[in-house]
Amino acid sequence: MHRYRSHTCGALRETDIGKDVRLSGWCHRIRDHGGVLFIDLRDHYGITQVVCDPDSKAFKLAETLRSEWVIRVDGKTRKRPEGTENPDLPTGQVEVYVSEIEVLSAAAELPMPVFGEADYPEDIRLKYRFLDLRREKLHNNIMLRGRVIDSIRKRMKDGGFFEFQTPILTASSPEGARDYLVPSRIHPGKFYALPQAPQQFKQLIMVAGFDRYFQIAPCFRDEDARADRSPGEFYQLDLEMSFVTQDDVFNAVEPVMRGVFEEFANGKSVTQKFPMIPYAEAITKYGSDKPDLRNPIVMQDVSEAFRGSGFKIFANILAGDSKAQVWAIPAPGGGNRAFADRMNSWAQGEGQPGLGYIFWREGEEGGAGPLAKNIGPERTKQIADQLGLKVGDACFFVAGLPKNFYKFAGAARTKVGQELNLIAQDRFEFCWIVDFPMFEWNEEEKKIDFSHNPFSMPQMGVEEFLALDASDADKILGIKAYQYDIVCNGTELSSGAIRNHRPEVMEKAFAIAGYPKEVLEEKFGGMLNAFRLGAPPHGGIAPGIDRIVMLLAGEENLREVVLFPMNQKAEDLMMGAPAEVTPKQLKELSIRIDLPKK
RNA sequence: GGGGGCGUAGCUCAGUUGGUUAGAGCGCUGCCCUGUCACGGCAGAGGCCGCGGGUUCGAGUCCCGUCGCUCCCGCCA
């Protein structure tokens, strides 16, 4: 017999009754009845009930066992007595009557239990990650992650993509997030950077003629964390294709995403054909470039209903600036004062002066609330007609310059959807967001910036683009890029683009964003050189693996789907990173520490 | 860098207008228990109420500061 086990803890069935077996695992739960003692023995594969009584020579030792001790047991598989079967366990028809126990590893008192699903503080969970990972939910999430990645790989290879590895130690890039830097010992004073994404490498792979690249790629960005953004490092399904249009990329990626989600959706429905929503439309309808389409609320411009009206605050805002607008956020089913007031105080909590509203209720079919009184019944009806609102509904209003308030309007749309339970929980709602602006105005620095990444191809003829005059800001700011996102349930899952493979267009684009040719040469010289020596038109996208798994696992936080995550302050509490290093190490790197003064 | 929430036993939490000795459940320790699977029963240990200062006759409770965790904003080509 094997030293540790003849079966796993999830293996035994009625067909094994009568067999002498050997199991190893953790003492998940121990129930000592004095004369009979049960141990739920757990390993990766499942749980088997192990029984001991005073007739067994292992009984004395069994009584000393504690939670999470690792033991080996020998015994005989037998049918459970009539009426004591456990239908919740695959092994629940049988049990193992123990003849011998060997303690392989004892466990001290636990800082957190493995048994049960009680919530524990994150710092304890992170410090004792290996215990947390023993727990069913996290264990399953990590296994799901592995299966999702397997599925992605298979689908990508079936789609004609080839897997490549790109360097981890590379050069710092001037755009984008802060880099993680690695000092060079051989070149004192110089640094490698960890890649924020293998962006340039994958483009160079296209220039090298490999045609279709993918990689489950680690990416490193020194940015502050969010619930859906790990600090430090995360993984992307990075992919790139040659000789493609935007549609070709969509047709390659959409089936992979849909297929993976359908495979692991667990009964939830998945969008069959991802709708394409232009960026500008997403902003005006949903107040976000990552709209949650499970939320049926669509906002509308209702400026005309307020222009010159008796509601002076809005009327004055509209009169004061031709670009000012009033947007309506319909709230079907929210037609009562309590809800409207709750939204209003929520808005104040968000730092807004308040949230104007009208609601329609029995006896006040013409609209209730101070705002309705100010603008009068005719305009109120105009709003109700435009938005299709009826008795029992409400509507909220925000006014000002859309570029300043659209985020808040989007947040209000989400809040209304949540409060009124309008968000369908049984669906994965996908869409493409397309036609992102190429440039944006940087108000702080009074200059034009790239609005997304500088490698996208502008949606403009080469001649016309090269002829652009830097002073023609309006025209420049109106240029769209072949830049696109995949959004699912309000989470940005991917970002991609058709790349700019023309050196002269790239020079022009960087010039518009205020980067002289020398900077471009210094920072992107490698890629620029490549583009001067025969580059195929190419494009790609990079879906975030962690976020995909998070959605499929039904988790709200990335840390629930990452094996060994860092906390929000980018610390690994288990390994103790980051940490100080020895003076000798620093000296070798020609680095002297100069801490900021408190 | 900024804002919100939280911080009471190992853990989850309760703790009234500021008022005797700060409680419960889980876990832990001991004893009892032969069919449990969230086993059950009895007993027990375990608290700088995050930390520092203040108001008060009296602070877990009120005020100020600080630290920790978390969520959000900035940031994330």
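For the rest of this paragraph, the subject is unusual backbone geometry. As a rule of thumb, non-glycine residues mostly have phi less than zero, and peptide bonds are mostly trans rather than cis. A cis amide bond links A577 with the next residue in sequence, P578, at an omega value of 0°. With respect to the helices and strands, the residue P578 is situated in the loop between α17 (545-553) and α18 (583-588). A positive phi is found at E68, a non-glycine position, where the angle reads about 70°. Note on placement: E68 falls in the loop between α1 (59-62) and β4 (70-79). In this structure, N266 takes a positive phi of about 60° despite not being glycine.

What follows is about the pairing of strand β10 (residues 232-242). Along any regular strand the residues' side chains alternate between the sheet's two faces. Buried residues dominate β10, accounting for nine of its eleven residues. Here strand β9 (residues 212-221) pairs with β10 via ten bridges, running antiparallel. The residue bridging A217 from the neighbouring strand is Q236, located in β10. Of the strand pairs in this sheet, β10 and strand β24 (residues 538-541) are connected by four bridges, and their pairing is antiparallel. Bridge pairing in β24 links E240 to G540.

Taken together, 48 residues lie around RNA strand B, and R29, T84, E95, H452 and N453 are the ones closest in. A share of 54% of the atoms of RNA strand B within 4 Å of the protein falls on sugar and phosphate groups. Between RNA strand B and the protein, one listed contact pairs a phosphate oxygen with a side-chain N or O atom of R29 at 2.4 Å. Within the contact set of RNA strand B, a sugar or linking oxygen lies 2.5 Å away from a side-chain nitrogen or oxygen of E223. Listing elements by their share of the surface near RNA strand B, those giving two or more residues are β1 (20-32), β2 (37-43) and α2 (122-127). Sorting elements by how many residues they give to the surface near RNA strand B places β1 first, with three residues. Looking at side-chain class alone, the surface near RNA strand B contains 13 nonpolar, 13 polar and 22 charged residues.

In this section: the packing of aromatic side chains. Enumeration according to the criterion identifies 23 aromatic pairs in this entry. Seen in terms of ring centroids, F164 and F210 are 5.1 Å apart; in terms of plane orientation they differ by 65°. Their pairing is edge-to-face. In this pair, F164 sits in the loop between β6 (162-163) and β7 (181-183) while F210 sits in the loop between α5 (199-207) and β9, placing the two residues 46 residues apart along the sequence. A relative accessible area of 16% places F164 in the buried class. Each ring, one from W327 and one from F405, has its centre 4.9 Å from the other, and the planes form 90°; the classification is edge-to-face. With W327 in strand β14 (residues 325-331) and F405 in helix α12 (residues 402-419), this residue pair connects regions lying 78 residues apart in the sequence.

Moving on: the environment of S309. Following the sequence through the fold, S309 ends up in the loop between α8 (303-306) and α9 (312-320). Given a relative accessible area of 2%, S309 falls into the buried group. Residues S309 and I375 lie 66 residues apart in sequence; the distance between their C-alpha atoms is 5.5 Å. Polar side-chain contacts of S309 include one of 3.2 Å to the backbone nitrogen of F311.

The rules behind the values
Residues numbered from 1 in each chain as written. Chains lettered and ligands numbered in written order. Predicted model: local features only at pLDDT ≥ 70, side-chain atom pairs only at ≥ 80, totals over all residues. Heavy atoms only, no water. Helix = DSSP H or I, 4+ residues; strand = E, 2+ residues; numbered from the N terminus. Buried < 20%, exposed > 50% of the residue type's maximum accessible area, 1.4 Å probe, protein only. Pairing = 2+ DSSP bridges. Near = heavy atom within 4 Å. Polar contact = N/O pair within 3.5 Å; in protein donor to acceptor, adjacent residues only side chain to side chain. Nonpolar A, V, L, I, M, F, W, Y, C, P; charged D, E, K, R; others polar. Phe/Tyr/Trp six-rings, centres within 6.5 Å; stacked < 30°, edge-to-face > 60°.

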